Amino acid sequence: MPLKEIFDRARAKGLKCGLWIEIEDVGTECAALPRLGSMLMKSGGTSVCENNRYFLDFSLRETQEYATEVVDFLVEKYGVEYFKIDYNADCISGGDAFIRHNAELADKAIKAAKDNSRRK
């Protein structure tokens with residue numbers, strides 16, 4: 001059953017619809033991986049890959065814009081009313097931008113929470 005149909009049925013019963021996403025990494029088999037290459041965390045110029053996952057570098061403006069586009073698409077197309085965003089993939093080896101990455105991700109999460117609370 002298509003996601004839109006599931007959401008429509010849920011809304012008809014008075015429920016709000018949300019999605020659980022892990023936006024911090026990309027699986028090695030992901031079809032979108034080739035176009036995300038410039039957004040991946042690097043260590044010594046090589047993309048960081050652990051446990052069959054590449055990690056997005058959120059210190060990069062390009063990555064931030066991409067993530068925003070993905071979220072906007074889901075809200076516009078499906079009317080997603082909330083997101084549960086997990087960051088449960090550890091990147092043990094880190095990368096050249098690991099510290100910047102974590103700081104940017106934390107800043108974005110705090111900003112999004114503040115923006116969301118202002119809308120209510």
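One structure accompanies this document, and this report is about it. Within each chain, residue numbers correspond to sequence positions counted from 1 in written order. Local features in this predicted model are restricted to residues of pLDDT 70 or higher, and side-chain atom pairs are both shown and tallied only at a pLDDT of 80 or more, whereas totals for entire chains, interfaces and linings draw on every residue. Side-chain measures here rest on the full set of heavy atoms in the structure, leaving out hydrogens and waters.

Digging into the overall build of the protein chain
Elements are defined by DSSP. Helices are runs of H or I of four residues or more, strands are runs of E of two residues or more, and each kind is numbered from the N terminus. When helices and strands are tallied, the protein chain shows four helices and seven strands. Along its sequence from the N terminus, the protein chain presents helices and strands in the succession α-β-β-α-β-β-β-β-α-β-α. The contact criterion used throughout is that any non-hydrogen atoms of two residues lie within 4.5 Å. Pairs at least 24 residues apart make up 70% of the contacts formed inside the protein chain by residues separated by at least 6 positions. The Shrake-Rupley method, run with a 1.4 Å probe sphere, supplies the accessible areas, and residue values consider only the shown protein chains as cover. Carbon and sulfur atoms form 54% of the exposed surface of the protein chain, whose accessible area is close to 8,000 Å².

Observations concerning a negative patch on the surface
A cluster of acidic side chains, namely Glu62, Glu65, Glu69, Asp72 and Glu76, defines a negative patch on the protein surface. Take Asp72: it is sitting in helix α3 (residues 61-78). Throughout, exposure labels follow a simple rule: accessible area from a 1.4 Å probe, protein chains only, divided by the maximum for the residue type, with under 20% read as buried, over 50% as exposed, and the rest as partly exposed. On the basis of relative accessible area, Asp72 is assigned to the partly exposed category, the value being 37%. To count toward a patch, a residue needs a relative accessible area over 30% and no salt bridge; like charges are then connected within 9 Å, while nonpolar side chains (Val, Leu, Ile, Met, Phe, Trp, Tyr) are connected within 5 Å. For this document, the term salt bridge refers to a Lys or Arg side-chain nitrogen within 4 Å of an Asp or Glu carboxyl oxygen. None of His or the chain ends enter the tally, which takes Lys and Arg as positive and Asp and Glu as negative. The atom standing in for a charge is NZ when the residue is Lys, CZ when it is Arg, CG when it is Asp and CD when it is Glu.

Here's the deal with unusual backbone geometry
The residue Asn51 is not glycine, and still its phi comes out positive at about 50°. Mapped onto the fold, Asn51 is located in the loop between β5 (49-50) and β6 (53-55). For Asn51, a relative accessible area of 67% puts it in the exposed group. In this structure, Asn52 is a non-glycine residue whose phi angle is positive, near 60°. Relative to the helices and strands, Asn52 is located in the loop between β5 and β6.

Thoughts on the nonpolar core
Counting residues in each nonpolar core, the largest one holds 19 residues, and the members touching the most others are Phe7, Leu19, Leu36, Leu56 and Val80. Mapped by element, the contributors of at least two residues to this core are α1 (3-12), β1 (18-21), α2 (33-36) and α3. As used here, the term nonpolar core means buried Ala, Val, Leu, Ile, Met, Phe, Trp, Tyr and Cys residues forming a set that is joined through side-chain atoms within 4.5 Å.

Observations concerning the packing of aromatic side chains
Each aromatic pair joins two rings of Phe, Tyr and Trp (for Trp, the six-membered one) with centres within 6.5 Å, and gets the label stacked for planes under 30 degrees apart, edge-to-face for over 60, and tilted for any other angle. According to the stated counting rule, one finds one aromatic pair in the structure shown. When the ring of Phe73 is compared with that of Tyr78, the centres are 6.3 Å apart and the planes differ by 90°; the resulting orientation is edge-to-face. We classify Tyr78 as buried; its relative accessible area is 18%.

With respect to α3
Helices are assigned an expected span. That span is 1.5 Å times one less than the residue count. Here α3 is 18 residues long and its end C-alpha atoms lie 26 Å apart, about the 26 Å a rise of 1.5 Å per residue gives. Within the sequence span of α3, burial applies to Thr63, Gln64, Tyr66, Ala67, Leu74 and Tyr78. Down the axis of α3, the sector holding all buried residues measures 165°, keeping them to one side. What points out from α3, more than 90 degrees from its buried face, is the exposed set Arg61, Glu69 and Glu76. Read the arc as the range of directions from the helix axis to the C-beta atoms.

Examining the pattern of salt bridges
Under the counting rule described, the total for this entry stands at six salt bridges. Across the salt bridge formed by Arg11 and Glu81, the nearest N and O atoms sit 3.6 Å from each other. Of this pair, Arg11 sits in helix α1 while Glu81 sits in the loop between α3 and β7 (82-85), and the two are 70 residues apart along the sequence. Taking the relative accessible area as the measure of exposure, Glu81 reaches 43% and is therefore partly exposed. The shortest N-O distance in the salt bridge between Asp25 and Arg53 comes to 3.2 Å. With Asp25 in strand β2 (residues 25-27) and Arg53 in strand β6, this residue pair connects regions lying 28 residues apart in the sequence. Here Arg53 falls in the partly exposed class, since its relative accessible area comes to 27%. Salt bridges sharing common partners tie together Glu22, Asp25 and Arg53.

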